[in-house]
Amino acid sequence: LYLYINGDYIKAGEKFQGAHDLNGDDPILSIYLGLLLLKRKSYYTAEKYFTKALAIEPQNEDALFFLGESFQKAGNPEKAIEAYNRVKQLNPSRTEVAYRLKELREGKATSRKSEVRPQESFFQRLFKRKK
């Protein structure tokens, strides 16, 4: 996680992949690997990790959100809207979903404002969950 936060995505990916190889049924590891792939603009591969996390934990709103982001960045707005709407059903107060849906309605790429928020909230929820 330290490597990821400090932008060393290649080394972080190696560490997360090693952990994933040992414990592939942990949805958080799948989400981390998906996030790394989003950073590297490997949207289709990231989608596979988010989908795997959802197969393990179908109500994981973070996996759904980032699945929507991978669809959005890969140029598949219909699937992105579907994923974001599922997140909205699970957590109506999640504000970054509204930003993303607005961007999709307006035909815009993701904005800097919506780029920063989801990962921050993911890490905040993750650390609260581990306490």
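Structure: above.
Since the structure is predicted, the reported quantities are computational estimates derived from the model, not experimental observations.

Looking only at helices and strands, the protein has 8 helices and 0 strands in total. Order of helices (α) and strands (β) in the protein, N terminus to C terminus: α-α-α-α-α-α-α-α. Accessible surface, the protein: about 7500 Å² in total, of which carbon and sulfur atoms supply 52%.

Judged by nonpolar contacts, the single largest core of 30 residues is most densely connected at F16, I31, L35, L38, F50, F66 and Y84. Of all the secondary-structure elements, those providing two or more residues to this core are α2 (9-22), α3 (27-39), α4 (43-56), α5 (61-73), α6 (77-90) and α7 (95-106). Ranked by residue count, the leading element in this core is α3, at 9 residues. With near-sequence residues (within four places) excluded, F16 lies in contact with L1, Y4, L29, Y32, L33 and L36.

Topologically, D62 is positioned in helix α5. The sequence separation of D62 and I28 amounts to 34 residues, and the corresponding C-alpha distance is 9.2 Å.

At a minimum axis distance of 9 Å, the contact between α4 and α5 shows a crossing angle of 160 degrees. One element, α4, and the other, α5, form an angle in the roughly antiparallel class. Once α4 is placed against α5, the crossing between them reads as left-handed. Seen from α4, the contacting residues are Y43, E47, F50, T51, A53 and L54; seen from α5, they are A63, L64, F66, L67, S70, F71 and K73.

Turning to the side chain of S70, a few remarks are in order. By the secondary structure assignment, S70 is in helix α5. Taking relative accessible area as the criterion, S70 reaches 1% and is therefore assigned buried. Polar contacts involving the side chain of S70 include one to the main-chain carbonyl oxygen of L67, which spans 2.7 Å. Filtering out sequence-adjacent residues up to four positions away, S70 remains in contact with L38, Y43, E47 and F50.

Over its 13 residues, α5 runs 18 Å from end to end, which matches the ideal 18 Å to within 8%, given 1.5 Å per residue. Among the 13 residues of α5, 12 are classified as buried, and the element is accordingly described as predominantly covered. Within the sequence span of α5, burial applies to E61, D62, A63, L64, F65, F66, L67, G68, E69, S70, F71 and Q72. N-cap assignment for α5: the residue whose side-chain oxygen lies 3.0 Å from the backbone N of D62 is N60.

Turning our eyes to something else, we now look at the packing of aromatic side chains. Centre-to-centre distance and the angle between the planes together describe a pair of aromatic rings. Inspection of every chain in the model, using the stated rule, returns 5 aromatic pairs. With centroids separated by 4.5 Å and ring planes inclined at 20 degrees, the aromatic side chains of F16 and Y32 adopt a geometry described as stacked. Taken as a pair, F16 in helix α2 and Y32 in helix α3 lie far apart in primary sequence, 16 residues in all. Take F16 and Y32: they sit in the same class, and that class is buried. Three or more aromatic residues joined by ring pairs form one cluster here, namely F50, F65, F66 and Y84.

Rules of the game
Residues numbered from 1 in each chain as written. Predicted model: local features only at pLDDT ≥ 70, side-chain atom pairs only at ≥ 80, totals over all residues. Heavy atoms only, no water. Helix = DSSP H or I, 4+ residues; strand = E, 2+ residues; numbered from the N terminus. Areas by Shrake-Rupley, 256 points an atom, 1.4 Å probe, with all protein chains shown as cover. Core = buried A, V, L, I, M, F, W, Y, C linked by side-chain atoms within 4.5 Å. Buried < 20%, exposed > 50% of the residue type's maximum accessible area, 1.4 Å probe, protein only. Contact = heavy atoms within 4.5 Å. Axes fitted to C-alpha atoms, helices over the stretch in contact; angles between N-to-C directions. Parallel < 35°, antiparallel > 145°, perpendicular 65-115°, else oblique. Left-handed = near helix turned anticlockwise from the far one by under 90°. Polar contact = N/O pair within 3.5 Å; in protein donor to acceptor, adjacent residues only side chain to side chain. Expected span 1.5 Å × (residues − 1). Phe/Tyr/Trp six-rings, centres within 6.5 Å; stacked < 30°, edge-to-face > 60°.

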